[in-house]
Each structure stands twice: as C-alpha cells, then as structure tokens.
Amino acid sequence: MDTYGNITLPTYIVEEEKLRRNLALISKVSKEADVQVILAFKAFALWKTFPIFREYITATTASSLWEAELAYKEFGTPAHTYSPAYTDNDIDNIARMSSHLTFNSLSQYERFHTRVKAINKDLEIGLRINPEYSEVETLIYNPCAPGTRFGIRNNALPVQLPDDISGFHCHCHCESGSEVFARSMTHIEEKFAKWFPQLKWINFGGGHLMTRNGYDLPLLINIIKGFHERYPWLKVILEPGSAFAWQTGVLVAHVVDIVEDGGIRTAILDVSFTCHMPDCLEMPYWPKVRGAECNEGEYCNAPHTYRLGGNSCLSGDWMQSWKFDHELQIGETIVFEDMIHYTTVKTNTFNGISHPAIAMLHCDGSLELLRTFSYQDYRDRMD
C-alpha cells in the first residue's frame, strides 16, 4: 500500500516496466509465429503511451471513426477497422484513415464497397464471419451467441467472393487460452476454409490473453505455424486488447467514510464501480485489492471485513466483500490491481463524478502525471 501512499487523487497508474514486459512478449510471439499482433483500442487507448508501443508493434485496430482517427493521427499508421455498422456520416473518413476495412454484413458491403475503394484504392476489404462457436460463458461477452449481430454464417456467403474482398475477420474469444483457440480453429476451418484460396489475409480477432501467467505460448505459436503450413498465402492477424495492458497497473483510491447497516460495514471510496470499473458490475468479476482477501459470495462477518462502495448515488455502486488484516481508517489508500485494460476506455462522468487522474510509473521509479480532469471536462460533455 505504501507504494502509492502519497497520492491524494484517485489515479490510474500505468507501470512502464510491466507494459514493456507485455509488449516484448507479444513482439516475440509475432516474430516466432509470423503473425501480425495489433492493439485493439477498445481495451486500451492511452495515446501518450503510443511512443512505447511503436517500439514493438506496427499497427492498431479501430471500431469507430474516432478510434480510426486516433490510429491515424496519434499512433501514426492507418487502422485495421471493423464496425458492426458504418454510417454515411463516417464511412468516407474511416476509409481514408484505414488500411483494412471489414464489413459486418453483405448488405453493408454492397452499400459501401465501391465508395470506399474510390476514396482509398489501397484499402483491403474484409468480411466478418461467424463460426457459430465460442466458449465464452458470459453471454454479454460472447460474440457468437444465438441471435448475435456479429458476422456472416458460411451458408450466407456466395461460392465466389467479390473480387475486392481480400480477407476474413473472425472474433470468438474473451481472455481465452490457446487451447480454446485450437478448438475454435477447427470450427473456423470446417466452415470457411473453402473460401481461403480467394483471400490474402485472415484476422482471428481478440481475446488471446497471451500475457497471462500460465498461458500456453508454445501452443499458440504452433497453432499459427500449422495454419501457415496449410495456407501459406494467408497473412495472419491477431488483435488482442487485454493482452497488451494485462497486469500493467492499478487504480489508486481512498477511504472517504465507513458506514454500517444491518451488520454490514461499507468503506465508501472516492472512486466508483459504475463510473470507473464498470466491467466489475457488468460481468461481474471481483477485482483484487492489494493487501485484502476477496470473498466473492455473501457478506462475510469475519473481522476487518468490508463492502467497498463507490461515491455515486447509484444504489448498486458497491461490491462485497474484502477482508483486510486491520481496521480501515478514513483517508487510507486502497489499491485495485490490474485496472488499466477496459477501464480508462470506459470511464464516464455519471453523477458528475470526475475521472481519476492518469499517471505513468516509469522504469526509473519516477511518476509522471499524464492527465487530470476538471469541471470543464464534465461541462463540455453536456454541451
């Protein structure tokens, strides 16, 4: 806890050493497997870290106009872009700022493919496919769940693809292991391999959590090498988000008050699950708190046990429960582990709650404050 005891504002802290460790591992996989691994902004988009990323990777993936603009203007390369639906207002600028553009449906392809190629003759056009297979158990994160709005089934594709389609995009993982990828690959090939001779590239999407402890990297590399042996003309792309920022930093919070009702004690913090850690409520999953033991079930009456409550007025802005080795004190620092991916990109100002500051802990031990937020940021969102 003492590591961040002098920080008084709620703050996300990216640790450069851990970030570089992940990037070095991803770069090694990219070289050994002959696969392009690119950063998905939906999980991590802190553009002030892009100079570090560019030392290890060459491209990023976008799902909207603003993400494409971030790729083009801040990362410095055109985006690999996929969106569930492009609009007339955005499609022209997206095409200008993309190297690859994947359509979610044949109707979107028919509507826009001529237009985008006229704008960017070098644009690689792809289709998102639905392999009808995913082992993601949490329904809201399963892109292949029944009734999905993502991708095209094999029985809806023409035998001969249009000449300007050069690739397929497929996504069916979420923080998954390489053994899941091996099983997914079987389904993808069974349903779509007959179209591979017509393609130049295939993007196997995100969810490949290769930087997690225990992830079977040799298996991942062998899966991709085997795919290359079977289809040597196809360029392979992976676009994980969490893998880049996995275990690379924390959210520093503080105890503002301690209240009790019905035998349940709640430590109210100066951060919010609703505003700053929304996946904890959506998933839900219980984040690790430094120096505390998490009880994921009912409230535990053991000594030094607390619910942690957010500082918004939403009744459900809390999670339970964590057991500490001491009585919490008002003003005490609470450190949420692994709070960089899918947090900074999702924060909101509901209830006028400020975004936490953003900082980077450099390899030399110095802490650089990258951004703080003010009333003006909140006000401007209401214009």
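None of the values given here were measured: they were computed from a predicted structure.

## Re the sheet that holds strand 9 (residues 201–203)
Sheets are built from strands paired through backbone hydrogen bonds, the pairs being either parallel or antiparallel.
Right, so step 1: Strand order in the open sheet made by the 9 strands is 2-10-9-8-7-6-5-4-3, with parallel pairing throughout. The sheet terminates laterally at strand 2 (36–37) and strand 3 (39–40), the two strands that pair on one side only.
Right, so step 2: Judged from the 2 bridges that link them, strand 2 and strand 10 (residues 235–238) form a sheet pairing that is parallel. Residue pairing across strands places Gln-36 opposite Ile-237, the latter belonging to strand 10.

## Concerning the packing of aromatic side chains
Right, so step 1: With the rule as written, the count across this model stands at 17 aromatic pairs.
Right, so step 2: Both rings, one in Phe-41 and one in Phe-50, keep their centres 5.5 Å apart while their planes meet at 15 degrees; by these two values the pair is stacked. Each member of the pair, Phe-41 together with Phe-50, is buried.
Right, so step 3: Aromatic side chains Phe-50 and Phe-53 sit 6.4 Å apart centroid to centroid with 80 degrees between the ring planes, which places their arrangement in the edge-to-face category.

## Side note on the environment of Asn-203
Right, so step 1: Within the fold, Asn-203 resides in strand 9.
Right, so step 2: Its relative accessible area of 2% is what places Asn-203 among the buried residues.
Right, so step 3: Note: C-alpha distance between Asn-203 and His-80 (123 residues apart in sequence) is 9.7 Å.
Right, so step 4: Apart from the residues within four sequence positions on either side, Asn-203 is in contact with Phe-168, His-169, Cys-170, Ile-237, Leu-238 and Glu-239.
Right, so step 5: Among the polar contacts listed, one links the side chain of Asn-203 to the backbone nitrogen of Gly-205, at a separation of 2.7 Å.

## Structural notes on the pattern of salt bridges
Charged atoms that come close allow side chains of opposite charge to pair.
Right, so step 1: Within this structure, the stated rule accounts for 20 salt bridges.
Right, so step 2: Its salt-bridge partner being Lys-18, residue Glu-15 comes within 3.2 Å of it at the nearest N-O pair.
Right, so step 3: By relative accessible area, Glu-15 is classed as buried at 10%.
Right, so step 4: Notably, a salt bridge pairs Lys-346 with Glu-282, separated by 3.5 Å at the nearest N-O pair. On the criterion of sequence distance, the pair formed by Lys-346 in the loop between strand 16 (333–337) and strand 17 (357–361) and Glu-282 in helix 10 (residues 278–282) is long-range, its members being 64 residues apart.
Right, so step 5: With relative accessibility at 27%, the residue Lys-346 sits in the partly exposed group.

## Details of unusual backbone geometry
For residues besides glycine, phi is generally negative; the peptide bonds are generally trans as well.
Right, so step 1: Geometrically, the link from Gln-320 to Ser-321 is a cis peptide bond, its omega value of -25 degrees lying close to zero.
Right, so step 2: Mapped onto the secondary structure, Ser-321 falls in strand 15 (residues 318–324).
Right, so step 3: You will see that Asp-34, though not glycine, has its phi angle at about 55 degrees, which is positive.
Right, so step 4: A positive phi is found at His-304, a non-glycine position, where the angle reads about 65 degrees.

## What to know about a nonpolar patch on the surface
Right, so step 1: Taken together, the side chains of Leu-281, Leu-314 and Phe-350 present a nonpolar region at the surface, about 230 Å² in accessible area.
Right, so step 2: By relative accessible area, Leu-281 is classed as partly exposed at 32%.

## Brief notes about helix 3 (residues 65–75)
Right, so step 1: Every buried residue belonging to helix 3 is among Leu-65, Glu-67, Ala-68, Leu-70, Ala-71 and Phe-75, and all of these are buried.
Right, so step 2: Where helix 3 is buried, its residues contact helix 2 (50–53), strand 4 (60–62), strand 5 (79–82) and helix 4 (91–96).
Right, so step 3: Phi turns positive, to about 95 degrees, at Gly-76, one or two residues after helix 3.

## Details of the layout of surface pockets
Right, so step 1: Put simply, the second largest pocket is a space of about 890 Å³.
Right, so step 2: Around the second largest pocket sit 22 residues that line it, and Ala-45, Leu-46, Trp-47, Thr-344 and Arg-371 are the ones nearest its centre.
Right, so step 3: Those elements giving two or more residues to the lining of the second largest pocket turn out to be helix 3, strand 18 (367–371) and helix 11 (375–381).
Right, so step 4: Looking at which element gives the most residues to the lining of the second largest pocket, the answer is helix 3, with 3 residues.
Right, so step 5: Classifying every residue of the lining of the second largest pocket by side-chain character gives 12 nonpolar, 5 polar and 5 charged.

## Observations regarding helix 5 (residues 106–119)
Right, so step 1: Over its 14 residues, helix 5 extends 20 Å from the first C-alpha to the last, a length consistent with the 20 Å expected when each residue adds 1.5 Å.
Right, so step 2: The largest bend in helix 5 amounts to roughly 50 degrees and is located at Phe-112.
Right, so step 3: Within the span of helix 5, buried status applies to Gln-108, Tyr-109, Phe-112, His-113 and Val-116.
Right, so step 4: Against the buried residues of helix 5 lie helix 4, strand 6 (98–103), strand 7 (124–128) and strand 8 (165–169).

## Some remarks on empty space enclosed by the protein
Right, so step 1: Counted by the stated rule, this structure contains 1 cavity of 30 Å³ or more.
Right, so step 2: One number sums up the size of the largest cavity: a volume of about 50 Å³.
Right, so step 3: Mapped onto the lining of the largest cavity, the elements with two or more residues apiece are strand 5, strand 6 and strand 9.
Right, so step 4: With 3 residues, the single largest contributor to the lining of the largest cavity is strand 5.
Right, so step 5: Across the lining of the largest cavity, the residue classes tally to 2 nonpolar, 7 polar and 1 charged.

## Digging into the pairing of strand 14 (residues 305–309)
Right, so step 1: The buried fraction of strand 14 amounts to 5 of the 5 residues, a majority that puts the element mostly inside the structure.
Right, so step 2: Side chains Thr-305, Arg-307 and Gly-309 project from strand 14 onto one buried face, and the interleaved Tyr-306 and Leu-308 project onto a second face that is buried too.
Right, so step 3: The sheet contact formed by strand 12 (residues 264–269) and strand 14 spans 3 bridges and is parallel. Pairing of Thr-266 across the sheet is with Arg-307, part of strand 14.
Right, so step 4: With 4 bridges connecting them, strand 14 and strand 15 associate as antiparallel partners. Bridging across to strand 15, Leu-308 finds its partner in Met-319.

Rules used throughout
Residues numbered from 1 in each chain as written. Predicted model: local features only at pLDDT ≥ 70, side-chain atom pairs only at ≥ 80, totals over all residues. Heavy atoms only, no water. Pairing = 2+ DSSP bridges. Helix = DSSP H or I, 4+ residues; strand = E, 2+ residues; numbered from the N terminus. Phe/Tyr/Trp six-rings, centres within 6.5 Å; stacked < 30°, edge-to-face > 60°. Buried < 20%, exposed > 50% of the residue type's maximum accessible area, 1.4 Å probe, protein only. Contact = heavy atoms within 4.5 Å. Polar contact = N/O pair within 3.5 Å; in protein donor to acceptor, adjacent residues only side chain to side chain. Salt bridge = Lys/Arg side-chain N within 4 Å of Asp/Glu carboxyl O. Patch = residues over 30% accessible without salt bridge, like charges linked within 9 Å, V, L, I, M, F, W, Y side chains within 5 Å. Areas by Shrake-Rupley, 256 points an atom, 1.4 Å probe, with all protein chains shown as cover. 1 Å grid on protein atoms, 1.4 Å probe; cavity = no way out; pocket = protein on both sides within 12 Å on 5 of 7 lines; lining within 4 Å. Points joined across faces, edges and corners; volume = space filled by probe spheres on them. Nonpolar A, V, L, I, M, F, W, Y, C, P; charged D, E, K, R; others polar. Expected span 1.5 Å × (residues − 1). Bend = angle between axes of the 7 residues up to and from the residue.

By themselves these figures say nothing about function.
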